Each structure stands twice: as structure tokens, then as C-alpha cells.
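In case you want the letters, here they are:
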Amino acid sequence: MKSFTSFEQFRVINGQAPKVFHLGQAPKQLVFVASWHKNDPDDPMFSLIKNEFEQFKPDLVLHESYNWPVDGDIKLLIQGYGELAYVSRLAHDADIPYRSAESGMKEDHQAYVERYGEPLVLALYVFRQVWQYHRQQSKADTFAKEYKQVFEARFKNLGANNFNWSEIDQISRRELGIPFEPDDESIMRKFRAAVDPAQEGTIFNEISRYVNYIRDQGVLRKLAEAKKDYDRIFVVMGASHYYTIEQYLKEMFPS
């Protein structure tokens with residue numbers, strides 16, 4: 001992959017989800033569900049995922065991001081974590097191996113930091129999560145209650161020992177002209193456009209596209225490895241990940 005997707009290309013991609021792609025032929029086949037991240041258990045996308053999963057009968061499930069919870073009430077699981085936890089639950093209940101489709105978090109993080117510097121990268125992580133938090137149907141009383149400790153532990157694991165919340169607020173005000181007040185939903189929803197790879201105008205739009213580029217390279221590596229040991233691979237990831245690597249997937253799983 002020689003370049004990462006432009007915001008014009010991402011605008012074309014936007015809205016083309018959910019959609020299911022069947023690639024390859026026996027014995028090596030891939031079903032890729034290009035999803036739209038949602039948390040409504042009644043959304044038809046969840047029935048689509050279930051039907052495709054049951055019909056395809058995969059021997060491996062790969063999902064976006066890292067580990068997702070699989071226990072408890074399915075509706076609450078979807079409300080809290082969306083379709084990625086849902087497909088993990090399907091695989092868990094069917095006793096099918098499931099894991100992340102992506103490379104290691106530390107490895108990817110280092111690539112982002114080398115290009116943009118750690119403060120901006122850490123701020124992006126927070127900004128992307130805070131608007132996702134406010135669109136959940138099931139959430140804690142405050143952002144701080146649910147996520148502050150999670151972020152601090154994650155950043156410590158990444159080796160980002162200089163992280164502090166006051167710097168996040170400074171970056172937000174400097175780069176976006178928005179105070180970082182994570183429990184004010186009216187303010188935090190403004191972060192959606194600020195971090196959207198399909199938009200242009202902020203440094204975080206650009207970083208988001210680069211993040212996806214690095215992540216997508218990892219997905220291709222993981223799929224190439226998985227194809228050696230598994231025949232029927234079922235993937236659920238956000239739609240942009242499929243469309244930006246479609247040509248490579250078709251080469252990997254020719255019809």
C-alpha cells in the first residue's frame with residue numbers, strides 16, 4: 001500500500017455500509033462484513049451479521065480493534081460495544097476461534113507517534129472515543145467514571161508516561177477551538193467531524209486517515225497469516241477498512 005486514502009475518497013466510501021462481500025472460492029474463502037458502527041440491538045445490521053455468520057459457518061472470525069467482552073445479555077453487549085462485541089459473542093457461543101484482525105497496538109502506536117508526535121496521537125485517541133461514548137445507548141453517568149481509568153491504563157501500557165488530562169484540554173482548545181469537557185454532550189459531539197477521516201480541516205482528520213492506513217496494512221498481514229491455517233474466514237470491520245484494501249483482498253482471495 002503506497003499511500004493512504006484521501007478525504008475525497010473517504011467521502012465516497014461514507015454511507016456504503018453495511019455491506020457484505022464474498023471473496024475467494026473453496027477451499028479458501030472470505031466473508032467480509034463492511035459494517036457501520038452501531039449500538040442499537042434492533043438495527044437490521046445485527047440480523048445481517050448473524051445470518052451471514054450462520055450461513056457461512058466460518059472456522060475463524062476476525063474483528064476490528066482488540067479484545068471485546070462476550071459475556072452477559074446480548075442486547076446490553078450491543079448497546080455498550082456494538083457489532084464487534086456481537087460477532088465475538090457469536091464466535092464464542094459457536095466455539096469458533098476469534099481474534100483481532102489488526103496488528104499489535106504498541107507497534108501501530110509507534111508508527112503514529114513517529115509521524116505526528118505523541119501528544120497529538122494521544123489526543124486523537126481520546127477525541128475519537130469521547131464522541132463514540134456519547135452515541136452509546138448504554139453508558140455510565142460520566143465519561144470520567146467509565147473511561148478515565150481505562151485511558152490511563154491504556155496509555156501506560158503504550159509507554160506514554162507523560163500523558164495528562166490538562167494537556168488534552170490545551171490541545172483541544174489550540175487545534176479545534178473547543179474546550180475538552182467530556183461530559184458535555186453538546187460540545188463533545190463536535191469532535192465527530194474533527195476526527196472523521198472523511199472530513200478535512202483539522203490535523204486529526206489527517207491523522208485518522210494515517211491511522212487507518214497503518215491499521216489496514218496490519219489487517220492484510222493478519223489475513224495472509226490466517227489464510228495459511230484456516231479456510232473460511234469471517235471478518236467484521238468498519239466499512240472504510242474494506243474499501244481501502246478491496247483490491248488487495250481480491251488478489252488474496254481470487255474468485
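Residues numbered from 1 in each chain as written. Predicted model: local features only at pLDDT ≥ 70, side-chain atom pairs only at ≥ 80, totals over all residues. Heavy atoms only, no water.

A. Main features of the pairing of strand 3 (residues 60–63). What you see with strand 3 is no split at all: Leu60 and Leu62 on one side and Val61 and His63 on the other are buried throughout. The pairing of strand 3 with strand 5 (residues 232–238) spans four bridges and is classified as parallel. For His63, the partnering residue across the bridge sits in strand 5 and is Val236. (Buried < 20%, exposed > 50% of the residue type's maximum accessible area, 1.4 Å probe, protein only. Helix = DSSP H or I, 4+ residues; strand = E, 2+ residues; numbered from the N terminus. Pairing = 2+ DSSP bridges.)

B. Expanded view of the sheet that holds strand 5. A sheet is described by the order of its strands in space; here five strands give the open sequence 1-2-5-3-4, paired in mixed fashion. Every other strand in the sheet has two partners, leaving strand 1 (19–25) and strand 4 (98–100) as the edge strands with one partner each. Across the sheet, the axes of successive neighbouring strands diverge by a mean angle of 20 degrees, strand direction being ignored. The strands touched by helix 11 (residues 203–229) are strand 2 (28–35), strand 3, strand 4 and strand 5; relative to strand 5, the strand with the most contacts, the crossing angle is about 165 degrees. (Axes fitted to C-alpha atoms, helices over the stretch in contact; angles between N-to-C directions. Contact = heavy atoms within 4.5 Å.)

C. Quick look at the pattern of salt bridges. By the definition in use, this model includes 12 salt bridges. The shortest N-O distance in the salt bridge between Arg215 and Glu64 comes to 2.9 Å. With Arg215 in helix 11 and Glu64 in the loop between strand 3 and helix 3 (74–81), the pair connects residues that are 151 residues apart, well separated along the chain. You can call Arg215 buried: its relative accessible area is 9%. Residue Glu64 is classed as buried on the basis of its relative accessible area of 7%. Notably, a salt bridge pairs Glu200 with Arg209, separated by 3.3 Å at the nearest N-O pair. Note on Glu200: relative accessible area 41%, which makes it partly exposed. A relative accessible area of 6% means that Arg209 is categorised as buried. One network of salt bridges, in which partners are shared, links Glu64, Glu102 and Arg215. (Salt bridge = Lys/Arg side-chain N within 4 Å of Asp/Glu carboxyl O.)

D. Here's a closer look at the packing of aromatic side chains. One pass over the structure, following the stated rule, counts 20 aromatic pairs. Arranged with centres 5.7 Å apart and planes meeting at 90 degrees, the rings of Phe21 and Tyr243 form a pair that is edge-to-face. Of the two residues, Phe21 sits in strand 1 while Tyr243 sits in helix 12 (residues 239–252), which places them 222 residues apart along the sequence. Given a relative accessible area of 16%, Tyr243 falls into the buried group. Taken together, a centroid distance of 6.3 Å and an interplanar angle of 70 degrees make the contact between Trp68 and Tyr81 edge-to-face. Note that Trp68 is positioned in the loop between strand 3 and helix 3 and Tyr81 in helix 3, a separation of 13 residues in sequence. Judged by its relative accessible area of 40%, Tyr81 is partly exposed. (Phe/Tyr/Trp six-rings, centres within 6.5 Å; stacked < 30°, edge-to-face > 60°.)

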